[in-house]
There are 2 protein chains.
Amino acid sequence: MVQKTSETKTKTISVIIVEDFKLTRVGLRCALNANDDINVVAEAEDAVEGLKLIEKHKPDVILMDLGLPGMNGIEAMIKCKEMMFDSKIIALTSHDRSEEVIAALSSGASAYCLKDIDPQKLADVVRDVSTGVCWIDPMVAQMTLNALPKVDNIGFLPNKSNAEGRVPLTEREFEVLKHLVSGKSNTEIAKELIVSVHTAKAHVCSILQKMCVNDRVQAAVKAVKEGMV
Amino acid sequence: MVQKTSETKTKTISVIIVEDFKLTRVGLRCALNANDDINVVAEAEDAVEGLKLIEKHKPDVILMDLGLPGMNGIEAMIKCKEMMFDSKIIALTSHDRSEEVIAALSSGASAYCLKDIDPQKLADVVRDVSTGVCWIDPMVAQMTLNALPKVDNIGFLPNKSNAEGRVPLTEREFEVLKHLVSGKSNTEIAKELIVSVHTAKAHVCSILQKMCVNDRVQAAVKAVKEGMV
DNA sequence: TAATCCATTACCCGATCGTCTAATTTATTG
DNA sequence: CAATAAATTAGACGATCGGGTAATGGATTA
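Okay, so let's go over this structure.

This part is about empty space enclosed by the protein. Once rolled over the atoms, a probe with the size of a water molecule shows which space is left empty. The tally for this structure, following the rule as stated, stands at 4 cavities of 30 Å³ or more. Roughly 50 Å³ of internal volume is contained in the second largest cavity. For the second largest cavity, the full set of lining residues is Cys134(A), Ile136(A), Thr144(A), Leu145(A), Leu148(A), Cys134(B), Ile136(B), Thr144(B), Leu145(B) and Leu148(B). Elements with a minimum of two residues in the lining of the second largest cavity: strand 6 (134–136) and helix 6 (138–146) of chain A together with strand 6 (134–136) and helix 6 (138–146) of chain B. A class-by-class count of the residues in the lining of the second largest cavity yields 8 nonpolar, 2 polar and no charged.

This is how it looks when you write it as structure tokens:
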């Protein structure tokens, strides 16, 4: 039994595998289940089935093959992000085409692994990703970094009033924020959370103050840009 | 003595630390040298000294603080990349400003760590990065991924009912959209563009329809996510 | 136990929003 | 020239928003 080195949490990480090749699927499951802190809770051989299982199990991590029949992995990830779980997605493929890598990572994947990855390394990635880390395979890391907008700005003075005075949102407020970002009105948010409109408004007000913005549009934009949701 | 889990190489990873705070420097060195596969070969307290040491030792991995006195970490990394060693750089900072993260990663860093990282985790990152992995701290992972060009813009998805049925915005509408994304009210937008509120409202209405959204929040989020602004 | 934070609900009020209809002017294109 | 699209302005409507203030119950913490 293999143990983690750095992580100290003991919580089991639930994983769903979406992969069309049965053999690969079995391989992935075995490799991951060999770790007692990782538990493969379901498997799917296509995106549609995968999405159902994801909605049902709300796993911590999703292993998503990109070359799926029918709906491909990219589309699946986009739909996956529309459902509002915070499952982390690992894109798994044998391709190293730049467009596919960028497409995957910009569509919801937090990690990109090539299929020749060492099984034990994959387990490490699953752990990393479950904590929110972005992990990109060496073979495609450079092309990904190259795709980032270049910054000519050599104006980096430590004027960060940002991280300092930041007041953290409560869990409930985060829920509200997610709905807010999706464009819901206070009434709709209230309906979603099964509370009164007054409550929703109160949360929104609190969010605006904590995020130091004047209205919900600024809050939504800031949330998206800073990856809060 | 801590051992790696996944990696099987036995080669020692040489590391150079560039960090102005002596205390942090000592902490980093101790944390890393506690691993027998990692060897801190040199330390510098500013970028100039760091570059000299890097040229001399050609380390596998460079731990680069971004907030250095004099030449900052970003500049140092750019100069570092001009020398053509394949040293991998880990940007180390306590800031989580989006611009700084993107700047670092697009200027040569393969990894971005916040300084509150678990020391043992940092050793894992050093190992990962030495193999070419791109590793990004959970706190800033999402904002980095958001900075990648969107799928729609790279035409990965062949179907795209989106790109086809999409009605293009006029120039004026784009102007309005930018202000809208920045959280301005119709009145403020009107003032900016030196038109009446009615005009601003008309444009916004038109934008909402063309973008197939119900309100300005959805428009703003969509605009940001799709990199329209 | 007292204090504090959070979630919840409620009411009020002015400001803003989104949609509608309708009109004028300018520019471009057929 | 005629037609079309874009930009502009206007008034009016109901819906929604954001900011106050205030109260209650539950949970956690000092």
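Having put the structure on the table, let's press on.
Scanning the model with the defined rule gives 21 salt bridges over all chains in all. Where Asp128(A) meets Lys121(B), a salt bridge forms, and the shortest distance between an N and an O atom there is 2.4 Å. Taken as a pair, Asp128(A) in helix 5 (residues 119–130) and Lys121(B) in helix 5 (residues 119–130) lie in two separate chains rather than in one. With respect to burial, Asp128(A) and Lys121(B) carry one shared label: buried. Note that Arg25(B) is salt-bridged to Glu43(B), the shortest N-O span being 3.6 Å. With Arg25(B) in helix 1 (residues 22–33) and Glu43(B) in strand 2 (residues 38–44), this pair connects stretches of sequence that are 18 residues apart.

The immediate surroundings of DNA strand C are formed by 17 residues, with Arg172(A), Ser196(A), Thr199(A), His203(A) and Lys201(B) found nearest. Those atoms of DNA strand C that come within 4 Å of the protein belong to sugar or phosphate at a rate of 66%. A distance of 2.8 Å separates a phosphate oxygen of DNA strand C from a polar side-chain atom of His203(A). Take Asn186(B): an N or O atom from its main chain is 3.1 Å from a phosphate oxygen of DNA strand C. The set of elements that each furnish at least two residues to the surface near DNA strand C consists of helix 9 (197–210) of chain A together with helix 11 (197–210) of chain B. Element by element, the count of residues in the surface near DNA strand C is highest for helix 9 of chain A, at 5 residues. A per-class count over the surface near DNA strand C returns 5 nonpolar, 7 polar and 5 charged.

About the thresholds
In every chain, residue numbers begin from 1 and rise along the written sequence. Each chain takes a letter, starting from A, and each ligand takes a number, starting from 1, following the order in which they are written. With pLDDT at 70 or above as the cut-off, local features in this predicted model cover only qualifying residues; side-chain atom pairs require 80 or more to be listed or tallied, and sums for whole chains, interfaces and linings still use all residues. To obtain the side-chain values, all non-hydrogen atoms of the structure were included, while hydrogens and water were left out. Cavity: a set of points on a 1 Å grid over the protein atoms alone where a 1.4 Å probe fits but cannot get out. Pocket: an open set with protein on both sides within 12 Å along at least five of seven lines, its lining residues, like those of a cavity, having an atom within 4 Å of a point. Grid points are joined across faces, edges and corners, and a volume is the space filled by probe spheres set on the points. Put simply, DSSP marks the helices as runs of H or I at least four residues long and the strands as runs of E at least two long, and each gets a number from the N terminus on. Gly counts as polar in this scheme, as do all residues outside two lists: the nonpolar Ala, Val, Leu, Ile, Met, Phe, Trp, Tyr, Cys and Pro, and the charged Asp, Glu, Lys and Arg. One speaks of a salt bridge when a side-chain nitrogen belonging to Lys or Arg is within 4 Å of a carboxyl oxygen belonging to Asp or Glu. The cut-offs for exposure are 20% and 50% of the maximum accessible area for each residue type, with area from a 1.4 Å probe on protein chains only; residues under the lower value are buried, those over the upper are exposed, and the others partly exposed. Near, as used in this document, describes a residue that has one of its heavy atoms within 4 Å of the molecule or strand being considered. Distance and chemistry together define a polar contact, namely a pair of N or O atoms within 3.5 Å, with one atom able to donate a hydrogen and the other to accept it when in protein, and with adjacent residues in sequence counting only for side-chain atoms on both sides.

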